[in-house]
Amino acid sequence: MRNPALLKFLAAVDHHVLTGAPLTECSGYDAAELAIAVSTARARGFIPQAGERIRLTHAGLRWSEEELAPFADLIATGPERVKS
């Protein structure tokens, strides 16, 4: 995984959009950490530029999918794979 912290932040952005919960709460970041994460994500085109509502862009979603691809089989099998 190239950047787990950025992936975690993008997941927080998605949760924020879906639930309406504050982004600081979703991310667990303080104001300084949040500013760095937002700046990094904007610079890479993963969230819109300032002035637009924070959400994942297509590039952010694609990058997240690529980062999670190695875990696809693990995620897909779920709890039925675990035997007691």
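Right, let's walk through the structure included here. Per chain, residue numbering runs from 1 following the sequence as it is written. The model is predicted, so local features are restricted to residues of pLDDT at least 70 and side-chain atom pairs to those at 80 or more, both for listing and for counting; the totals for chains, interfaces and linings are taken over all residues. Each side-chain value is worked out from all heavy atoms of the structure, with water and hydrogens disregarded.

Here's the deal with helix α1 (residues 4-19)
Every α-helix winds through 3.6 residues per turn, so residues three or four apart in the chain are directed the same way.
Link 1 in the chain: Only DSSP runs of H or I covering at least 4 residues are called helices, and only runs of E covering at least 2 are called strands; the numbering of each starts at the N terminus. By definition here, a helix of n residues has an expected span of 1.5 Å times n minus one. Compared with the 22 Å implied by 1.5 Å per residue over 16 residues, the 22 Å span of α1 between its first and last C-alpha is a close match.
Link 2 in the chain: A simple rule labels every residue: compare its accessible area, found with a 1.4 Å probe on the protein chains alone, to the largest value its type can have, and call it buried under 20%, exposed over 50%, or partly exposed in between. Taken together, the buried positions of α1 are Leu-6, Leu-7, Phe-9, Leu-10, Ala-12 and Val-13.
Link 3 in the chain: Contacts between residues were defined by any pair of non-hydrogen atoms, one from each residue, lying within 4.5 Å. Looking at the buried side of α1, the elements it contacts are α2 (23-27), α3 (31-43) and α4 (58-68).
Link 4 in the chain: Residue Gly-20 follows α1 closely and has a positive phi angle near 80 degrees.

Comments concerning the packing of α1 against α4
Link 1 in the chain: Interaxial distance between α1 and α4 falls to 10 Å at its minimum, and their mutual angle equals 125 degrees. Comparing their axes, α4 and α1 come out oblique. With respect to the hand of their crossing, α1 and α4 are arranged in left-handed fashion. The segment α1 lies against α4, with Leu-6, Leu-7 and Leu-10 engaging Gly-60, Trp-63, Ser-64, Glu-67 and Leu-68.
Link 2 in the chain: When grouped by side-chain class, the residues that make up the contact of α1 with α4 number five nonpolar, two polar and one charged. The angle between two axes is taken between their N-to-C directions and runs from 0 to 180 degrees, where each axis is a line fitted to C-alpha atoms and a helix contributes only its stretch in contact. An angle below 35 degrees is treated as roughly parallel, one above 145 as roughly antiparallel, one from 65 to 115 as roughly perpendicular, and anything else as oblique. In a left-handed crossing the near helix is turned counterclockwise from the far helix by less than a right angle, and in a right-handed crossing that turn is clockwise. Gly counts as polar in this scheme, as do all residues outside two lists: the nonpolar Ala, Val, Leu, Ile, Met, Phe, Trp, Tyr, Cys and Pro, and the charged Asp, Glu, Lys and Arg.

Considering the side chain of Thr-57
Link 1 in the chain: Mapping Thr-57 onto the fold places it in the loop between α3 and α4.
Link 2 in the chain: Taking the relative accessible area as the measure of exposure, Thr-57 reaches 16% and is therefore buried.
Link 3 in the chain: Any pair of nitrogen or oxygen atoms within 3.5 Å is treated as a polar contact; in protein, a donor-acceptor pairing is required on top of that, and neighbouring residues in sequence qualify only through side-chain atoms on both sides. Looking at Thr-57, its side chain comes within polar contact range of the main-chain oxygen of Gly-45, at 2.5 Å.
Link 4 in the chain: Filtering out sequence-adjacent residues up to four positions away, Thr-57 remains in contact with Gly-45, Phe-46, Ile-47 and Pro-48.

Side note on the environment of Arg-42
Link 1 in the chain: Tracing the sequence through the fold places Arg-42 in helix α3.
Link 2 in the chain: Sequence-wise, Arg-42 and Leu-56 are 14 residues apart; in three dimensions their C-alpha atoms are separated by 10.0 Å.
Link 3 in the chain: The residues touching Arg-42, leaving out its near neighbours within four places in the chain, are Ile-47, Pro-48, Gln-49, Ala-50 and Ile-54.

Section: the packing of aromatic side chains
Link 1 in the chain: Geometry of aromatic contacts follows a simple scheme: Phe, Tyr and Trp rings, the Trp one being its six-membered ring, pair when their centres are within 6.5 Å, and the pair is stacked under 30 degrees between planes, edge-to-face over 60, tilted otherwise. Scanning the entire structure with this criterion turns up two aromatic pairs.
Link 2 in the chain: Taken together, a centroid distance of 6.3 Å and an interplanar angle of 15 degrees make the contact between Phe-9 and Tyr-29 stacked. Of this pair, Phe-9 sits in helix α1 while Tyr-29 sits in the loop between α2 and α3, and the two are 20 residues apart along the sequence. Residues Phe-9 and Tyr-29 agree in their burial class; the two are buried.

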